[in-house]
Amino acid sequence: MERKLFIPGPVDVSEDVFKAMSRPMIGHREREYSRLIEECVENLKKLMFTENNIFIVPSSSTGLMEAAIRNCVKEKCLNICNGAFSDRWYDIAIANGKNADMLKFEWGDAPDPKLIDEKLSTNEYDAITLVHNETSTGVTAPIEKISRVVRKHDVTFLVDTVSSMGAIKIEVDKLEIDVCLFGVQKAMALPPGLAICSVSERALEKSKEISNRGYYFDFLKYLKYWKKKQTPTTGAISLLHGLRYQLDKILNKEGLENRFKRHEKMGRIARKWSKANFDLFPREEFSSNTVTCVRNTMNIDCNKLKEELYNRGYVFSNGYGKLADKTFRIAHMGDRKIEELKEYLETINEILNL
Ligand code: PLP
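Residues numbered from 1 in each chain as written. Predicted model: local features only at pLDDT ≥ 70, side-chain atom pairs only at ≥ 80, totals over all residues. Heavy atoms only, no water.

K.L.:
How do you make sense of the pairing of strand 3 (residues 76–81) when you look at a structure like this?
P.N.:
Regular strands place their side chains on alternate faces of the sheet. In terms of residue burial, strand 3 counts as a mostly covered element, since 6 of its 6 residues are buried. Here strand 3 shows two buried faces, one formed by Lys76, Leu78 and Ile80 and the other by Cys77, Asn79 and Cys81. Judged from the 6 bridges that link them, strand 3 and strand 4 (residues 99–104) form a sheet pairing that is parallel. Within strand 4, the residue paired with Lys76 across the bridge is Asn99. (Buried < 20%, exposed > 50% of the residue type's maximum accessible area, 1.4 Å probe, protein only. Helix = DSSP H or I, 4+ residues; strand = E, 2+ residues; numbered from the N terminus. Pairing = 2+ DSSP bridges.)

K.L.:
Just to check I follow, could you spell out the domain arrangement of the protein chain for this structure?
P.N.:
Often the size quoted for an interface is simply the accessible area lost on bringing the parts together. Per the domain assignment, the segments making up the protein chain are domain 1 (4–10 + 256–352) and domain 2 (16–252). Averaged C-alpha coordinates put domain 1 and domain 2 at centres separated by 26 Å. Contact residues are listed per partner, giving 25 residues for domain 1 and 33 residues for domain 2. For the pair domain 1 and domain 2, the summed buried surface comes to about 2,200 Å²; carbon and sulfur atoms form 63% of the total. It is Leu256, Phe286 and Tyr320 in domain 1 that bury the most area against domain 2; as a group they hold 27% of the surface buried on that side. Residue Lys249 is joined to Asp335 by a salt bridge in which the shortest nitrogen-to-oxygen separation is 4.0 Å. Counting across the interface, domain 1 meets domain 2 through 11 residue pairs in polar contact (both at pLDDT 80 or more). Tallying contributions element by element places helix 10 (residues 256–277) first for the side of domain 1 that touches domain 2, with 5 residues. (Domains from an automatic or database assignment. Contact = heavy atoms within 4.5 Å. Buried area = accessible area lost by both parts, 1.4 Å probe. Salt bridge = Lys/Arg side-chain N within 4 Å of Asp/Glu carboxyl O. Polar contact = N/O pair within 3.5 Å; in protein donor to acceptor, adjacent residues only side chain to side chain.)

K.L.:
Would you explain the pattern of salt bridges in this entry?
P.N.:
Proximity of charged atoms lets side chains of opposite charge pair with each other. Evaluation of the coordinates by the stated rule reveals 27 salt bridges. Lys76 serves as the salt-bridge partner of Asp101, at 3.2 Å between the closest nitrogen and oxygen. One end of the pair, Asp101, is in strand 4; the other, Lys76, is in strand 3, and 25 residues separate them in sequence. Its relative accessible area of 19% is what places Lys76 among the buried residues. For Asp178, the salt bridge goes to Arg151, with nearest N and O atoms at 2.9 Å. Of this pair, Asp178 sits in the loop between strand 8 (156–160) and strand 9 (179–183) while Arg151 sits in the loop between helix 6 (143–150) and strand 8, placing them 27 residues apart in sequence. Under the relative-accessibility criterion, Asp178 is labelled buried at 3%. Taken together, the shared-partner salt bridges connect Asp16, Lys249, Glu254, Arg259, Arg262 and Asp335 into one network.

K.L.:
Any chance you could explain the environment of Leu352 here in plain terms?
P.N.:
Following the sequence through the fold, Leu352 ends up in helix 12 (residues 338–352). Considered as a pair, Leu352 and Asp91 are 261 residues apart in the sequence and their alpha carbons are 39 Å apart. In this structure, Leu352 is in contact with Phe278, Ile300 and Leu305, ignoring residues within four places of it in sequence.

K.L.:
Explain the packing of helix 5 (residues 113–120) against helix 6 here, please?
P.N.:
Each pair of packed helices gets described by two things: the angle between the helix axes and the distance between those axes. The interhelical angle for the contact between helix 5 and helix 6, taken along N-to-C directions, is 20°, at an axis separation of 9 Å. Between helix 5 and helix 6, the interaxial angle falls into the category roughly parallel. Along this stretch, helix 5 crosses helix 6, giving a crossing that reads as right-handed. Contact residues: helix 5 offers Pro113, Ile116, Asp117 and Leu120, while helix 6 offers Lys145, Ile146, Val149 and Val150. Of the residues that constitute the contact of helix 5 with helix 6, the class distribution is 6 nonpolar, no polar and 2 charged. (Axes fitted to C-alpha atoms, helices over the stretch in contact; angles between N-to-C directions. Parallel < 35°, antiparallel > 145°, perpendicular 65-115°, else oblique. Left-handed = near helix turned anticlockwise from the far one by under 90°. Nonpolar A, V, L, I, M, F, W, Y, C, P; charged D, E, K, R; others polar.)

K.L.:
For this particular structure, what's the right way to read the site of the ligand?
P.N.:
Taken together, the neighbourhood of the ligand is formed by 13 residues, with Ser60, Thr62, Thr135, Asp160 and Lys186 sitting nearest. Ser61 is positioned with one of its backbone polar atoms (N or O) 3.1 Å from an oxygen atom of the ligand. One nitrogen or oxygen atom from the side chain of Gln185 is found 2.9 Å from an oxygen atom belonging to the ligand. Bound to the protein, the ligand loses 87% of the 390 Å² it would expose on its own. Contributions of two or more residues to the shell around the ligand are made by helix 3 (61–72) and helix 4 (84–95). Counting residues per element, the shell around the ligand draws most heavily on helix 3, at 3 residues. Its residues assigned to classes, the shell around the ligand shows 4 nonpolar, 6 polar and 3 charged. (Near = heavy atom within 4 Å. Areas by Shrake-Rupley, 256 points an atom, 1.4 Å probe, with all protein chains shown as cover.)

K.L.:
So what exactly am I meant to see when it comes to the packing of helix 2 (residues 31–48) against helix 9 (residues 237–254) here?
P.N.:
Axis separation between helix 2 and helix 9 bottoms out at 9 Å; the angle between their running directions is 40°. With respect to helix 9, the axis of helix 2 lies oblique. For the element pair helix 2 and helix 9, the recorded crossing hand is left-handed. From helix 2, Tyr33, Leu36, Ile37, Glu39, Cys40, Asn43, Leu44, Lys46 and Leu47 reach across to helix 9, where they touch Ile237, Leu240, His241, Leu243, Arg244, Leu247, Asp248, Ile250 and Leu251. Residues belonging to the contact of helix 2 with helix 9 are distributed by class as follows: 12 nonpolar, 2 polar and 4 charged.

K.L.:
Can you walk me through the sheet that holds strand 14 (residues 317–318) in this structure?
P.N.:
The strands making up a sheet associate through backbone hydrogen bonding, with each pair oriented either parallel or antiparallel. Taken together, 4 strands build an open sheet; the order of strands is 11-12-15-14 and the sheet is antiparallel. On the outer flanks of this sheet lie strand 11 (279–280) and strand 14, each paired with one strand and no other. Of the pairings in the sheet, the one linking strand 14 to strand 15 (residues 327–331) comprises 2 bridges and is antiparallel in character. In the strand pairing of strand 15, Asn318 is matched with Phe328.

Structure follows, in structure tokens:
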């Protein structure tokens, strides 16, 4: 039985995307490959609202989180931590031998720009990390306000948009994001395996002064090859075919603004349902349009619900880590249709007699 994935990634991939991926193999030093990555990059710039260099790597998103740290942290970074993935960025910094401090917020809270400003005013840091959309808690950070604060200081702004890019408008250049990264298996609705980032000139200049950038994810190596319209290593060619197709579909068939609106609508539907039957885990104003984190106020048995949904053709998502029993999550991102979300919520109503 095929099951619809209501987990926050990977998400369902449309049949036509799979079809676009099943093209004959090409060589990664051939002209067709250069054209393929050029066309992807051209459209990624539109998706991300940026003129910065864009690198596409065969990796999951965590690889590029590590790359951002290795290439862009010189002395010490500040990690804004309000959930599992923003905490991960601190762990990565430490694992790579960087000095780092956590600026902690409660799970479910959004980062407070005022406290970020205070911390950066110590002038201890040359980089700062932010997770735009905390998938573990369903919180979208107020990035415009945070960006205004970050820009007052001379720090490199590293932003994870893993579960928001392609669903929520993120204007990279306007927000002056130095490194903006994401994977393709969430709001982009592609199979996992590609990670993408934009890197500002400023960040590239800085990385020249940083040693131990590593080999596989060295931004300067990526830049050198990009100048020849190549990649340092073999690209994930079938996924790149899928990406080119999906970008065209997003930009020219659905349209970016329509895609953002569909996600806003799905967010509203999931929040309304959550408030009517349970409660929201985050404050509503920071509640994400791609993943709704529901506070389990009725103390339902999430594993039992998961099993019942599985038997009816759905994959349900428990809460993340320490929130496993206290919350559960409803993902509504990618190519998910509004009607499909409504059907899913109705199925939960039936199972729980709501
Ligand atoms: N950042 C965020 C916000 C995520 O949601 C995830 C995965 O769920 C990651 C990073 C890590 O992504 P990956 O498993 O592709 O490395």
